[in-house]
Every structure is written in C-alpha cells, then in structure tokens.
Amino acid sequence: MSRSKVYALLGLLPFAILITGFLLAPLVNMIYQSFQSNEGTFSLEQYINIFSDPFYLQAIKNSLMISIISATVAIVIAAIGGYSISRLSNRENKVMVMITNMTSYFEGIPLAFSFIILLGNNGLFTLLFSQLGLDIFSQFNLYSWIGLIVVYIYFQIPFAIMLLLPTYQGLKMEWRYASNLLGGNSFSYWIHIGIPILLPGIIGTYTILLANSLGAYATAYALVGSTYNLLPLQIGSLIAGDVFLQPHLASALGVVLALIMIVALWINGRVMRKIRRDLD
Amino acid sequence: MIGKRKHLFIVILLSIYLLLPLLGTLLYSLADKWSDSILPESWTFSWYVMLFQDTRFLEALSRSIFVIASSVLISLVVMLLAMFVVVIYFPSKEKYLKLVSMIPYGVPAIVSAIGLLNVYSSSSISIVGTPWILIGSYAIIIMPFVYQGIRNSLYTVNAVELIHAAELLGATKIKAVISVVLPNIMKGILAAALLSIAMLFGEFALANLLVGGQYETLQIYLYQKFSKNGHLTSAIVISYYIIIMVVTGLLIQFQQPGIKKFHFAKLRIPRFHKSQIQKKRVEGDIR
C-alpha cells in the first residue's frame, strides 16, 4: 500500500470510532448480554424465560397483531389514496405530496397528544358526537388496543403513500389505453397489468410498515404508558429511569424484537426476488 | 370527466383525514373558552405568549437545537471524510461503507437504547444521562440518510472525474476536494442536513430512555406537560410542527425544477424507506 493510502486511512478513523462506539459495540454487547444468566454465566436462561412466560409471549403476539392490522389497513388506504393522488393534475398533485410529506413527520408524542385532543375522554369529537346524540364514541376508548390501532393506522398512511407514489408514477396511462384497444376491460387491465406492476412496491412498503410499527415506542408510550402489553413498551419499562433492572432480560427481548424485524425484512427480500426477476 | 372527479373526492377525504388532528390541535391552542360548543367561544393568543415566556420551554428548545446541530454536524463531517477516502483511494470497497452506513436503518431506537445503556452506564465511560450519549446515537440514526445524500450528490456531479481534472490542472487531491467538489455538492449536503434535522426533532425514544429528565429536550418537555394543560400543550405541539414545516419547506425548495437530475428530489419520501427507493434508482443511473 502506498504511503498516501496509509494516510488516507486516517480519514476513516472518525467514522470507525463513531460506528464502533455507538452502533457496533452496543449491538454486540446486547447480543452477548442476552446469553448471560442472571449469575453471569453463559446460558439460554433469558430466552427460555421469555418463551415460557405467557406475559412476554402475549407482548410478542400483541405487537405482531397491532403491526399486521395497522399495516394492512394503512396499505389499503394508501394504495387507493396514492393512486388517486397520482391521477391528479400537476398542481393538485403537488399540494397533496406536500400534505402527505408534512403529515408523515407527525408521529410520536405530538401525534398521541393530538389524538387525545380529538378522541380522548374529553376530546373534541367525543364531546361533539355525544352532544349530537350519536354514541359512536361511547364505546370507544383511545387508551386501549383499538385506540392504539387507530393512531398507528394514522401515522402509517402518509408514510405508505410517500413510499408508493414513485411506484404509481411507473404506471403509464398509455398501457391502459393499449389494454382497452386490445379489448380488455377495467378488470382485466388491473389483473394483468396494473397489479403485477404495483405488487413489488406494495409488498415492499407493507414490510416497511410492519417493521415501522413493530419498533414504534413513543406513540404507544404516550398513549398507554406501560399498561398495554407491547414488546417495545416492556423493553422500555425494563430500562426506563436509567436504572437498569434486568439488563440480560432486556437484552434478550431486544434481540427477539430485532430478529422479528429481520425475519420480516428477509421475507420481503425473498418475495421481491420472486416477483421482480429484473432485480437480479 | 367522472373518473377525475372520483379521484379528487378520494384525495379530499384523505387530506381532511390527515389534517384533522393538526387542525384540532391548532384550534385548541387558540381557544380561550371551549367547553360545550362546536367551535371555541372565544379566541386567544395567550397560550403562545405563556409558552414563549416559559424559560423551561426555551431551555428545552435550545437543548434540542444544540443536540441536533452537533449530531448532524458530526455525522456530516465524519461521513464526508470517510466517503472521500473511499471514493478516491478505495473505490472497490465502497459497498462495505454502504453496508455499515445502512445498519442503523434496520435497528429500532428501543433496541439500540438497550445496547447503549449496557455499554455506557458502566463505570469506565458513563455518559448515560448526559447530552453526549444523545449526540453520538443521533449521529448514528441519521447515518443512512446522510450517506445516501452525500453519495448521490457525489455521483451527480461526477466527483471522481472532477478530482482527476483538478489534479491534471495541478491541484492536490485535498485542494480538489475542498475547492471543487465540496462547493458542488453543498446543496446535497444541506438537503441531507435538513432531512436529518426534521427527523431528529421528533425523536423521543432515545431521549427518554438514555437521558430522560436529566437533560430535558423539546420532546421530553412536551411529554412532561402532556397531562397538565391541554391548551398549553397544544401550543407546544403547534410550535413544534411549525419548526418541522419550515425545515421540510426548505427541503422542498431544494427539490425545485432546474435541478431535476438532482437525486435528492426523491428524498421527499421521508425516513426509513426512501433510501431503498433511492438506492435502486441510483444504481440504475451509475450503470
């Protein structure tokens, strides 16, 4: 290696330090800690505890359920809305892109607060509808499972639309005309042309939504605290307040959460490769 | 055309849905008395006046600005250095830089918080509860976007050829980078910075878990005020949101026509995913 190359390596040093100190070392340490028993010896104790404890199993199940439901509803709304946005004229399209872009930053604590203002116990809509004599919201409790889903769906939608718009731009109007000219109807156009083109984008977006809601912490924390059993909230309650109660257990839960996300992204990669051979 | 009207109808419904929580919060922050009517009985600015007279709020805001500015600056400088070294001296190793830079994108905040607490709450380097751990971890979470932004603009301006040309004209590599390449990719760097700022302003998980009340940032302050006074909290949320709007508005400025080839145009897609989409396009462009 020439001398200048050796000097050049110095330029990589800050990057190496930052990445090691704040990314790799913590991750490796977390994996290592997860394989430690509470007495400090190597063991699978933490994982055995997690998978034999109905409480943690329920947290995993709840997290998966809430992610799947919110991602599914959001992708349907975003697919329809995104298509409509892509069919607007240029100016209206721009306005909508701006609205979705800006609202996609609306999540976490501010979002939870806004929903409390609207749908909480004394929320604007809650009061409005009860005055109008409609008791749609009398059964509705924002600080519960259904409330969480409503809020999760809300923050997934603009996010999903932003992801889907480039895919829709690839859908040329000319193809539809061509399909019509060749005798196809609207249904056959979507089955043979529209959906096959959109599918990779939709599936890709769907997995990202899943991962996004699996790891979401702030929104749920603000709405339900630790009263609802979700995996990120359980991890949070183990490490909150800077007092690290059970570092080994928390580490193992973190590994489990990361693994679930990796599996989701891996399935995504497999499916994408199946549908889009042009990626290879 | 009936089809067009249908799309317009769907889009209007969608935008009402998306804007409703914001509008509700805005009304609430401007309402004086609002108990049992559809619209507030009287309006007031006093919640905002109260908020901006609250030193605790101003301190939290300046703490947030300090942490975000430092981490964005660190991330940019570190990534620029690494990128130039790799692009100039080790172009074949670029995929490793990319791989490493993209890892944070797949690690949720709650997971990285565990590892960070494991490492930094121990005796030797105990920076838990200080802004330094936040700055370090923030610099990491924006890394994928900083990487994408810088890399895309380097390719857009043909950085390697620019450097070769400057060297032919007698400049050293460092001079070529500083006086030729950097000015040309400034827009890309600024766009990456703005995107990172918008993302970090909303960050709560790491702030709460690593530092909490010991170093109260804007989001922590907001959470503390959460259940106290609804009107005041609404004013905080709206102020926070105005910051985000200004930052993303500036970001959109960078995406105006005239710089069509500019790859940040695709960065309108926020967070997480945009890198994936961009990735494909950029690779296609290079080939």
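Residues numbered from 1 in each chain as written. Chains lettered and ligands numbered in written order. Predicted model: local features only at pLDDT ≥ 70, side-chain atom pairs only at ≥ 80, totals over all residues. Heavy atoms only, no water.

> Looking at this structure, I do not really get a nonpolar patch on the surface. What am I missing?
All names here are of chain A. A cluster of nonpolar side chains, contributed by Phe187, Ile191, Ile195, Leu199 and Ile275, occupies part of the molecular surface with about 430 Å² of accessible area. Looking at which element gives the most residues to the nonpolar patch, the answer is helix α10 (residues 186-214), with four residues. Looking at the element boundaries, Ile195 is found in helix α10. (Patch = residues over 30% accessible without salt bridge, like charges linked within 9 Å, V, L, I, M, F, W, Y side chains within 5 Å. Areas by Shrake-Rupley, 256 points an atom, 1.4 Å probe, with all protein chains shown as cover. Salt bridge = Lys/Arg side-chain N within 4 Å of Asp/Glu carboxyl O. Helix = DSSP H or I, 4+ residues; strand = E, 2+ residues; numbered from the N terminus.)

> Is there a simple way to explain the pattern of salt bridges in this structure?
As a working rule, side chains carrying opposite charge can pair if their charged atoms are close by. Residue and element names in this part refer to chain B. According to the stated counting rule, one finds four salt bridges over all chains in the structure shown. Across the pair Arg56 and Glu216 runs a salt bridge, and its minimum N-O distance is 2.7 Å. Taken as a pair, Arg56 in helix α3 (residues 55-89) and Glu216 in the loop between α10 (205-211) and α11 (218-225) lie far apart in primary sequence, 160 residues in all. The exposure class assigned to Arg56 is partly exposed, which follows from its relative accessible area of 34%. Take Glu216: its relative accessible area is 9%, and that puts it in the buried class. Two residues, Glu59 and Arg63, come together in a salt bridge whose shortest N-O distance is 3.5 Å. Of this pair, Glu59 and Arg63 are both found in helix α3, four residues apart, which corresponds to roughly one turn of the helix. Taking the relative accessible area as the measure of exposure, Arg63 reaches 22% and is therefore partly exposed. (Buried < 20%, exposed > 50% of the residue type's maximum accessible area, 1.4 Å probe, protein only.)

> Is there a simple way to explain the nonpolar core in this structure?
In summary, soluble globular proteins display a tendency toward joint burial of nonpolar side chains. Judged by nonpolar contacts, the single largest core of 179 residues is most densely connected at A:Leu148, A:Ile239, B:Ile133 and B:Leu154. When residues are assigned to domains, this core turns out to be shared by domain 1 (1-44) and domain 2 (56-286) of chain B, each giving three or more. (Core = buried A, V, L, I, M, F, W, Y, C linked by side-chain atoms within 4.5 Å. Domains from an automatic or database assignment.)

> What should I look at first to understand the UniProt feature "transmembrane region" (unreviewed entry) in chain B in this one?
All names here are of chain B. UniProt's feature table lists "transmembrane region" (unreviewed entry) at residues 7-31, 65-90, 102-120, 132-150, 189-211 and 231-252, given in the numbering used throughout. End C-alpha to end C-alpha, residues 189-211 measures 29 Å, and it is 87% helix and 0% strand. In this annotation, residues 231-252 is assigned 100% helix and 0% strand; the end-to-end C-alpha distance for the span is 31 Å. (UniProt positions renumbered as here; feature names shortened; annotations may be inferred.)

> How should I be thinking about the interface of chain A and chain B in this particular structure?
Reports of interface size often rely on the accessible area that becomes lost once the parts have come together. The partner chain B presents 93 residues to the 92 residues of chain A that form the contact. In total, chain A and chain B occlude about 7,800 Å² of area from one another, counting both sides; carbon and sulfur atoms represent 78% of this. If you look at where chain A meets chain B, you find zero salt bridges. For the side of chain A that touches chain B, a count of residues per class yields 67 nonpolar, 19 polar and six charged. (Contact = heavy atoms within 4.5 Å. Buried area = accessible area lost by both parts, 1.4 Å probe. Nonpolar A, V, L, I, M, F, W, Y, C, P; charged D, E, K, R; others polar.)

> Got a minute to help me understand the packing of aromatic side chains in this structure?
Here the distance between the centres and the angle between the planes together describe a pair of aromatic rings. All chains considered together, the criterion is met by 25 aromatic pairs over all chains. Aromatic pair A:Tyr217 and B:Phe204: ring centres 6.5 Å apart, planes at 15 degrees, arrangement stacked. In this pair, A:Tyr217 is assigned in the loop between α10 and α11 (218-224) and B:Phe204 in the loop between α9 (173-201) and α10, connecting two distinct chains. Across the pair, exposure class does not vary: A:Tyr217 and B:Phe204 are buried alike. A connected cluster of aromatic rings, assembled from ring pairs, spans A:Phe113, A:Tyr217, A:Tyr221, B:Phe204, B:Tyr223 and B:Phe226. Positioned over the ring face of B:Tyr215 is B:Arg63, at 5.5 Å from the centre of the ring. (Phe/Tyr/Trp six-rings, centres within 6.5 Å; stacked < 30°, edge-to-face > 60°. Lys NZ or Arg CZ within 6 Å of the ring centre and 35° of its normal.)

> Honestly, the packing of α11(B) against helix α12 (residues 230-253) of chain B in this entry has me stumped. Any pointers?
Any two packed helices are characterised by the angle at which their axes cross and by the distance between the axes. Residues and elements named next belong to chain B. Viewed as axis vectors pointing N to C, α11 and α12 meet at an angle of 160 degrees, and their least axial separation amounts to 9 Å. Comparing their axes, α12 and α11 come out roughly antiparallel. Read as a crossing pair, α11 and α12 show a hand that is left-handed. For the pair α11 and α12, contact is made by Leu218, Gln219, Tyr221, Leu222 and Lys225 and by Leu232, Thr233, Ile236, Val237 and Tyr240, respectively. (Axes fitted to C-alpha atoms, helices over the stretch in contact; angles between N-to-C directions. Parallel < 35°, antiparallel > 145°, perpendicular 65-115°, else oblique. Left-handed = near helix turned anticlockwise from the far one by under 90°.)

> I tried to follow the environment of B:Lys228 on my own but got confused; where do I start?
Residues and elements named next belong to chain B. Examined against the element boundaries, Lys228 turns out to sit in the loop between α11 and α12. Once the C-alpha coordinates of Lys228 and Arg151 are considered, the two residues, 77 residues apart in sequence, prove to be 46 Å apart. From its side chain, Lys228 meets the backbone oxygen of Gln224 in a polar contact 3.1 Å long. (Polar contact = N/O pair within 3.5 Å; in protein donor to acceptor, adjacent residues only side chain to side chain.)

> Mind showing me how you'd approach the environment of B:Ala191 here?
All names here are of chain B. Tracing the chain through its elements places Ala191 in helix α9. Assessed through its relative accessible area of 1%, Ala191 is described here as buried. Note: C-alpha distance between Ala191 and Tyr89 (102 residues apart in sequence) is 26 Å.

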